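Inside the fold
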Amino acid sequence: MLACTAPRVALVALVVALVAACEDIDDVDELAIATDVGVTDEPCPDAVNEGNGCIYLGALSDDPGGEFGAIAEQLTAAQTAFWERVNERGGIGGYDVDVTTHLHVTGAEPEGHRAAFEELRDEVLALTQTLGAAATAEILDDLDDEDMLAVPASATSAWLFTDVILESGASYCVAAANALDHAVDALDEVETVLAVHYPGQYGADAAAGVSYAADAHEVEFVAFETRPGAEEQAAAIDAVLAEQPDVLFVATGPLEMSTIASQAAARGFDGHVLGPAPTWDAALLESPAAELFEERYWLAAAWPPWDADTPGHEALRDALDEAAPRDGYLAGWISQYPLQAAIEAAFDRGDLTRAGLRAALEDLDEVDYEGMLPGGAGHFAGEDPDDQAVRESLVLQVDPEASTGTSVREDFFAGSTIADVELSRPCFEEL
């Protein structure tokens, strides 16, 4: 018989299994959890719970001085805080979770991403962060071969079409389509829309969503590709002035969006401006264009802003109580819920191998985002990406009184356009 003083083994459901071990179970193997990479019986380096083993998760991020350094720092801080909260609540089963030992900075470029991935591919169960759509695409086949799940720090619709990427919330494409639906309803006579966008999956995915909605509303659509950098926007500004669109949709970074919108407005452009989440930064409220943004800029968002009244937002604010409010923290925190849910489901099945974790995700019907995303978000079960897609997003407006400069204009909704679009391949492939 197994005695209550037997050496520690990982238990399927800690309290229940301990009782069963003392009363009914003769075979210790009935209590064992299958593991392979990134899971140990030894405690984490900074273990919170005495006697727990360790689940190691990795991250491929950018350094503070890199192109995406500011957002990477926020993502990583929020993800670290998220898993500290998990550990403070007892961990998962008999394990704490370590997300700092295998944190690698890559520059968010494909080559650096590949090199960093090679360093941790034999060390971790899954990835809490892979920053950049192009960089993530570089390691996608390897993730698939290794059965390694990864959380993207991007929201391209391409992630719907792979079962190793754990996306959260509406894609750039969906949020953009919904935002233009809202603009058509809210503004007078929208007849033309110009999408100025970065090359690559982020910019093209958002612009494709705009094109869907423009087509649905019989609005003239023009796309213009621009390069990063404020000094690179002269041609984009000229395009805005030449087209004089009723709606200008800009899918760039905050600096480029501000440059394009403000300089075009100074030269006579009087249309409305829309942009996806990466175009906004609260620091823009300190710029000379602040009044323009308050009057004529709306944000296509996948989740509510910092001040939202949900249990998840409250938990994030409590966890980062000494940090200045930043939108990047929201993305980092929200993105971890499906990974936590998948690990818990795999543990309940008794299989914390990479393949076991992937199988658990494939049966995951819904994720509890503590109110930060709409009901039904986190539907990874089934084989139809069109069925799995989150179609609800929000429209935010600039609000100088809000912690991160935005408040909700239109709460979660699925616009008429995206409700009728069959997502059979990544949106950007149709731009």
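For the structure itself, consult the block above.
Note that the structure is predicted; figures quoted are calculated from it, not measured. (Residues numbered from 1 in each chain as written. Predicted model: local features only at pLDDT ≥ 70, side-chain atom pairs only at ≥ 80, totals over all residues. Heavy atoms only, no water.)

With 99 residues, the main nonpolar core has Leu-57, Trp-83 and Phe-293 as its most contacted residues. Mapped onto the domain boundaries, this core takes at least three residues apiece from domain 1 (39–153 + 307–372) and domain 2 (172–303 + 393–430). Among all residues touching Trp-83, those that are not within four sequence positions of it are Leu-57, Ile-92, Val-97, Val-99, Thr-128, Gln-336, Leu-339, Gln-340 and Ile-343. Core analysis: the next-biggest nonpolar cluster, separate from the first, contains 38 residues, Ala-155, Leu-180, Val-190 and Ala-195 among them. (Core = buried A, V, L, I, M, F, W, Y, C linked by side-chain atoms within 4.5 Å. Buried < 20%, exposed > 50% of the residue type's maximum accessible area, 1.4 Å probe, protein only. Domains from an automatic or database assignment. Contact = heavy atoms within 4.5 Å.)

Counting buried residues in strand β13 (residues 393–398) gives 5 out of 6 residues, a clear majority hidden from the surface. Two strands pair when backbone bridges link them, and strand β11 (residues 297–301) and β13 are joined in this way by 4 bridges, in the antiparallel orientation. By the bridge assignment for β13, Leu-299 is matched with Leu-396. With 5 bridges joining them, β13 and strand β14 (residues 406–413) adopt antiparallel strand pairing. Bridge assignment links Gln-397 to a residue of β14, and that residue is Ser-407. (Helix = DSSP H or I, 4+ residues; strand = E, 2+ residues; numbered from the N terminus. Pairing = 2+ DSSP bridges.)

Three or more residues of helix α10 (residues 311–319) are buried, namely Gly-312, His-313, Ala-315 and Leu-316. Seen from one end, α10 has its buried residues packed into an arc of 160 degrees, which puts them on one side. Exposed side of α10, more than 90 degrees from the buried face: Pro-311 and Asp-318 are the residues found there. Close packing links the buried residues of α10 with α2 (69–88), α11 (327–334) and α12 (337–349). (Arc of directions from axis to C-beta.)

Across the interface, α2 lies against α12 with an axial gap of 11 Å and an inter-helix angle of 35 degrees. Remark: the crossing between α2 and α12 carries right-handed chirality. Together, Phe-82, Trp-83, Arg-85 and Val-86 of α2 and Tyr-337, Leu-339, Gln-340 and Ile-343 of α12 make up the contact between the two elements. Classifying every residue of the contact of α2 with α12 by side-chain character gives 6 nonpolar, 1 polar and 1 charged. (Axes fitted to C-alpha atoms, helices over the stretch in contact; angles between N-to-C directions. Left-handed = near helix turned anticlockwise from the far one by under 90°. Nonpolar A, V, L, I, M, F, W, Y, C, P; charged D, E, K, R; others polar.)

It is worth spelling out the state of the cysteines at this point. Per the counting criterion, the structure on display carries 2 disulfides. In this model, Cys-44 is linked to Cys-54 through a disulfide, with the two sulfur atoms separated by 2.1 Å. Judged by the torsion about the S-S bond (100 degrees), the Cys-44/Cys-54 disulfide is right-handed. With Cys-44 in the loop between β2 (39–40) and β3 (53–61) and Cys-54 in strand β3, this residue pair connects regions lying 10 residues apart in the sequence. Overall, the relative accessible area of 7% leaves Cys-44 in the buried class. Given a relative accessible area of 0%, Cys-54 falls into the buried group. (Disulfide = S-S within 2.5 Å.)

A few words on the sheet that holds strand β8 (residues 220–225). Across the sheet, which stays open at both edges, the 7 strands sit in the order β8-β7-β9-β10-β11-β13-β14 with mixed pairing between neighbours. Here the strands that pair on one side only, and so sit at the sheet edges, are β8 and β14. Recorded for the sheet is a direction-independent mean angle of 20 degrees between the axes of neighbouring strands. With respect to the sheet, helix α6 (residues 201–216) is in contact with β7 (192–197), β8, β9 (247–251) and β10 (272–276), its orientation differing from that of β7 by roughly 170 degrees. Strands in contact with helix α8 (residues 254–266) are β7, β9, β10 and β11; relative to β9, the strand with the most contacts, it is inclined by about 155 degrees.

The quantities given are spatial measurements derived from coordinates; they are silent on function.
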